[in-house]
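What follows is each chain in one-letter form.
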Amino acid sequence: MRLTTKGRFAVTAMLDLALRQDKGPVTLAGISERQNISLSYLEQLFGKLRRAELVDSVRGPGGGYTLARAAEDISVANIIVAVDEPVDATQCGGRENCHGPNQRCMTHDLWTNLNATIFNYLSQVSLGSLVDEKLAKETAVLQDKREPAPAHRSHSASAGGAL
């Protein structure tokens, strides 16, 4: 499977943006710092995401990026396609020339079907569902930290003072 850092970084950056845009446009510098992704690399990715109409840019002081449509309407597949990231498990890039001109390998259909299955799955996963999942996990962690530790009863207290 060839899903390189370009696709992973694009999805990560879009998730970061979706989680924070309710406070206004999100800067690439902020995403870069939080996600440890090079700012120049993010600029390239967001240029492609903007051309694919997945994000809007806001210029000037307080500027940055916002989602161009609702997070629920953006699939992971949309993001990966926008940054020109092929999801391809075939050795030939789908050209059916694994063993020379017009010669497919014996397992070409297997890998082509895997590509279709992966793309279908990624098409069904929305950025909104990733946001919901991330927020739910953070809430669960916060709740776990807030629950008081069980009270430990000392041995003498449990004897009820009946000595």
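Everything below is about the structure printed above this text.
Residues numbered from 1 in each chain as written. Predicted model: local features only at pLDDT ≥ 70, side-chain atom pairs only at ≥ 80, totals over all residues. Heavy atoms only, no water.

## Considering the packing of helix H1 (residues 5–20) against helix H2 (residues 28–35)
Test applied: Every axis corresponds to a line fitted to the C-alpha atoms, with the helix fit spanning only the stretch in contact, and the corresponding angles, defined between N-to-C directions, vary from 0 to 180 degrees. By definition, any uninterrupted DSSP run of H or I lasting at least four residues is a helix, any uninterrupted run of E lasting at least two residues is a strand, and each is numbered from the N terminus. Roughly parallel refers to an angle under 35 degrees, roughly antiparallel to one over 145, roughly perpendicular to one between 65 and 115, and oblique to any angle outside these ranges. We call a crossing left-handed when the near helix sits turned anticlockwise from the far one by less than a right angle, and right-handed when that turn is clockwise. We call two residues contacting when some pair of their heavy atoms lies within 4.5 Å. Under the scheme applied, nonpolar residues are Ala, Val, Leu, Ile, Met, Phe, Trp, Tyr, Cys and Pro; charged residues are Asp, Glu, Lys and Arg; polar residues are all the others, including Gly.
As a packed pair, H1 and H2 sit with axes 10 Å apart at the nearest point and diverge in direction by 115 degrees. Taken as axis vectors, H1 and H2 run roughly perpendicular relative to one another. For the pair H1 and H2, the crossing hand works out as right-handed. For the pair H1 and H2, contact is made by Thr12, Ala13, Asp16, Leu17 and Arg20 and by Ile31, Arg34 and Gln35, respectively. Considering only residue class, the contact of H1 with H2 consists of 3 nonpolar, 2 polar and 3 charged.

## Here we look at the environment of Ala116
Definition in use: Relative accessible area decides the class of each residue, using a 1.4 Å probe on protein chains only: under 20% of the type maximum gives buried, over 50% gives exposed, and in between gives partly exposed.
Note that Ala116 resides in helix H5 (residues 108–124). You can call Ala116 partly exposed: its relative accessible area is 45%.

## A few points about the packing of aromatic side chains
Quick note on the threshold: Each Phe, Tyr or Trp ring (for Trp, its six-membered ring) is paired with any other whose centre lies within 6.5 Å, and the angle between the two planes then decides the class: stacked below 30 degrees, edge-to-face above 60, tilted in between.
Summed over the entire model, instances satisfying the criterion amount to 2 aromatic pairs. Relative to Tyr41, the ring of Phe9 has its centre 5.9 Å away and its plane inclined at 85 degrees; by these criteria the two rings are edge-to-face. With Phe9 in helix H1 and Tyr41 in helix H3 (residues 39–51), this residue pair connects regions lying 32 residues apart in the sequence.

## Quick look at the packing of H2 against H3
It is at 9 Å that the axes of H2 and H3 come closest, and there the two elements cross at 120 degrees. Compared by their axis directions, H2 and H3 come out oblique. Between H2 and H3 the crossing geometry is right-handed. Note on element contacts: H3 touches H2 through Leu39, Leu42, Glu43 and Phe46, opposite Leu28, Ala29, Ile31 and Ser32. Considering only residue class, the contact of H2 with H3 consists of 6 nonpolar, 1 polar and 1 charged.

## Side note on the pattern of salt bridges
Proximity of charged atoms lets side chains of opposite charge pair with each other. To be explicit about the condition: By definition here, a salt bridge exists when the distance from a side-chain nitrogen of Lys or Arg to a carboxyl oxygen of Asp or Glu is within 4 Å.
Taken as a whole, this structure holds 4 salt bridges when the rule is applied. Close ionic contact of Lys134 with Glu138 constitutes a salt bridge, the shortest N to O distance being 3.5 Å. Placement of the pair is Lys134 and Glu138 together in helix H6 (residues 127–146), with a separation of 4 residues, close to one helical turn. Residues participating in the shared-partner salt-bridge network are Asp16, Arg20 and Arg34.

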